[in-house]
Amino acid sequence: MEFPVQPAGSGHSAVPVASIEQTLSPDDLPAAPLYGRQSIAEVFTSAAASLGLPGFENTLHLPPAQRVCVVLADGLGRNLLKKKAAHTPFLRSAAAAGQGRVPVWLDAAFPSTTASSLASLGTGRTPGEHGMVGYDVLDPAQDKVVNLLGNWDAKVDPLQWQPFPSVFERAAGELDVVTVSLPQFGQSPMTRAALRGSRFLGGNSLHARTALAAEAMATGTRSLMYFYVNELDKAGHRYGCASERWEHQLEELDSTVKRLSASLPAGTTILLTGDHGMVDVPESQRLDYSAEPALVAGVRHTAGEPRMVHLYLEPDAGEGARDALLDAWRRRFGERIWAFTREQGLAAGLFGSLRPDVAPRIGDVMIAARDTLALYDTRRVRPQALEVVGQHGSLTKPEREVPLLCFPAAGSKRRRG
């Protein structure tokens, strides 16, 4: 479903597109994610089509299947997987076997962050439609910044914030839909917003999750499974993706997928992908922009990721205030950032198709990092936030490109179910 692009009308500055001095055109920004063709939003919908469900398109050309297991490795970027291939012998051998017309990489959603990408995965829709447009964003109804991941606001209903049915909900009457993840995510608001409608199985360790997945698929029922791995992302944030800790978790991921291949029914399509990549930001480049008055002049709220900042202007701010803010950021950081308006980001297609009531959730001005830079408002984030090494959220290839590995499970040749 297409929605017209409209300027925000929530009481925050809504300067008509025609009145903006176009100091940055859509052509000056990186290409938008390949929504509808080769993005994270096409994984579940293509999997459902490969399972024979009507109403879904197999955009990614997946092979026909009776069972599909989608392994989502949080924080697994295409660039990192290629760079660290020596640590993944099983995945390397699976990739070497080839996968026909199935693409070997996808675009994450924009911003390249878990809330946005998992919502696109779960619904098959763009961030502009599902409304999960950042790690934390403005809730216009409350005039308040709300978190869309682990610290969900009690006054935000996940089913109203993201109203579209998930692929799981659409498929549930036709086949067994299963989520295998950490127990705490079973009824989390993020799950209810983006991944609702499946039978949930929780396991704390990767071994436990693998066993649960094998047992769930052993019935022989046609099924679509989502298997979540978060350990890689946690290691990257804390220690960096160049660390031995991150490499260890990559090796654990390789072993986990190898166990899945051996334990799921033979012929099950296994898809391995990620929700975003990651870059390491040195401590000296984790900067407090709120300490520089020109960078927050006229700004009512700040939100987003350290590498993709949303800036929301005061309600009475006009074109001049917005242009001055853009100029201040460009003077301060130059080519280290992309600085652009909401309308420019929408025109460039960064958020895909737009549902009108999503527009006010997006910053009037957005700042996306181009190099190893992380930007913080220390007036509203805890000091520990500046200790994060591995970062993501922006438009660079290491952050936005994720792998797609497609291969059949070896399994047991014994017929199951």
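**Some points on the packing of aromatic side chains**
By the definition in use, this model includes eight aromatic pairs. Ring geometry for Phe44 against Phe168: centres 5.1 Å apart, planes inclined by 40°, an arrangement best described as tilted. Linking Phe44 in helix 1 (residues 43–50) with Phe168 in helix 7 (residues 167–171), this pair joins segments that are 124 residues apart in sequence. In terms of burial, Phe44 and Phe168 fall into one category: buried. Each ring, one from Phe185 and one from Tyr228, has its centre 5.9 Å from the other, and the planes form 70°; the classification is edge-to-face. Here the residue Phe185 occupies a position in the loop between strand 5 (176–181) and helix 8 (189–194), and Tyr228 occupies one in strand 7 (residues 223–229), the gap between them amounting to 43 residues. Grouping aromatic residues by their ring pairs yields a cluster made of Phe44, Phe168, Phe185, Tyr226 and Tyr228. A cation over a ring is seen here: Arg125 above Phe164, with NZ or CZ 3.8 Å from the ring centre. Sitting above the plane of the Trp161 ring, Arg361 keeps its charged end 3.7 Å from the centroid.

**Quick look at the pairing of strand 8 (residues 269–273)**
With respect to burial, strand 8 is a largely interior element, five of its five residues being buried. Residues of strand 8 alternate between two faces, with Thr269, Leu271 and Thr273 on one and Ile270 and Leu272 on the opposite face, all of them buried. The sheet contact formed by strand 1 (residues 67–73) and strand 8 spans five bridges and is parallel. In the sheet register, Val68 faces strand 8, and the bridge partner there is Thr269. Where strand 8 lies against strand 17 (residues 401–408), five bridges are found, and the strand directions are antiparallel. Each bridged residue has a counterpart across the sheet, and for Thr273 the counterpart in strand 17 is Leu404.

**Quick word on helix 12 (residues 319–333)**
Along its 15 residues, helix 12 runs 21 Å from first to last C-alpha, staying within 8% of the 21 Å computed at 1.5 Å per residue. Every buried residue belonging to helix 12 is among Arg322, Asp323, Leu325, Leu326, Ala328, Trp329 and Phe333, and all of these are buried. Residue Gly334 follows helix 12 closely and has a positive phi angle near 55°.

**Some thoughts on the pattern of salt bridges**
Tallied over the full model, the rule gives 19 salt bridges. Across the pair Arg78 and Glu401 runs a salt bridge whose closest N-O atoms are separated by 3.1 Å. Of this pair, Arg78 sits in helix 2 (residues 78–83) while Glu401 is found in strand 17, placing the two residues 323 residues apart along the sequence. A salt bridge links Asp136 to Arg380; the shortest N-O distance between them is 3.1 Å. One end of the pair, Asp136, is in strand 3 (residues 136–139); the other, Arg380, is in the loop between strand 15 (374–376) and strand 16 (390–391), with 244 residues separating them in the sequence. Relative accessible area serves as the criterion here: at 9%, Asp136 is assigned to the buried category. Accessibility expressed as a relative area gives 34% for Arg380, which makes it partly exposed.

**Quick word on the packing of helix 10 (residues 231–239) against helix 11 (residues 244–263)**
Running from N to C, helix 10 and helix 11 point in directions that differ by 175°, and their axes come no closer than 8 Å. Classed by the angle they form, the pair helix 10 and helix 11 counts as roughly antiparallel. Of the residues in helix 11, those in contact with Glu231, Leu232, Ala235, Gly236 and Tyr239 of helix 10 are Arg245, Trp246, Gln249 and Leu250. For the contact of helix 10 with helix 11, the per-class residue count stands at five nonpolar, two polar and two charged.

**Describing the sheet that holds strand 6 (residues 199–202)**
Taken together, seven strands build an open sheet; the order of strands is 2-17-8-1-7-5-6 and the sheet is mixed. Edge positions in the open sheet fall to strand 2 (105–107) and strand 6, since each of these has one partner strand only. On average, each strand axis in the sheet is inclined to that of its neighbour by 20°, with strand direction left out of account. Examined bridge by bridge, strand 1 and strand 7 share seven bridges and lie parallel to one another. From the neighbouring strand, Ala73 faces strand 7, where its bridge partner is Val229. Running at roughly 75° to strand 17, helix 3 (residues 89–96) makes contact with strand 8 and strand 17 of the sheet. In this fold helix 9 (residues 206–217) packs onto strand 1, strand 5, strand 6 and strand 7, with an angle of close to 180° to the strand it touches most, strand 7.

**Focus: the sheet that holds strand 11 (residues 299–305)**
Here we have four strands laid out as an open sheet, ordered 11-12-14-13, and antiparallel in their pairing. A single partner strand is all that each edge strand has here, and the edge strands are strand 11 and strand 13 (337–341). Strand-to-strand twist of the sheet, defined as the mean angle between neighbouring strand axes without regard to direction, takes the value 15°. Examined bridge by bridge, strand 12 (residues 308–313) and strand 14 (residues 365–369) share four bridges and lie antiparallel to one another. The residue bridging Val309 from the neighbouring strand is Ile367, located in strand 14.

**What to know about unusual backbone geometry**
Omega for the peptide link from Phe110 to Pro111 comes to -5°, which places this bond in the cis form. Position of Pro111 among the secondary structure elements: in the loop between strand 2 and helix 4 (114–123). Unlike most non-glycine residues, His61 shows phi in positive territory, near 60°. By the secondary structure assignment, His61 is in the loop between helix 1 and strand 1. With a phi angle near 50°, Asp143 is a residue other than glycine that sits in the positive phi range.

Parameters at a glance
Residues numbered from 1 in each chain as written. Predicted model: local features only at pLDDT ≥ 70, side-chain atom pairs only at ≥ 80, totals over all residues. Heavy atoms only, no water. Phe/Tyr/Trp six-rings, centres within 6.5 Å; stacked < 30°, edge-to-face > 60°. Helix = DSSP H or I, 4+ residues; strand = E, 2+ residues; numbered from the N terminus. Buried < 20%, exposed > 50% of the residue type's maximum accessible area, 1.4 Å probe, protein only. Lys NZ or Arg CZ within 6 Å of the ring centre and 35° of its normal. Pairing = 2+ DSSP bridges. Expected span 1.5 Å × (residues − 1). Salt bridge = Lys/Arg side-chain N within 4 Å of Asp/Glu carboxyl O. Axes fitted to C-alpha atoms, helices over the stretch in contact; angles between N-to-C directions. Parallel < 35°, antiparallel > 145°, perpendicular 65-115°, else oblique. Contact = heavy atoms within 4.5 Å. Nonpolar A, V, L, I, M, F, W, Y, C, P; charged D, E, K, R; others polar.

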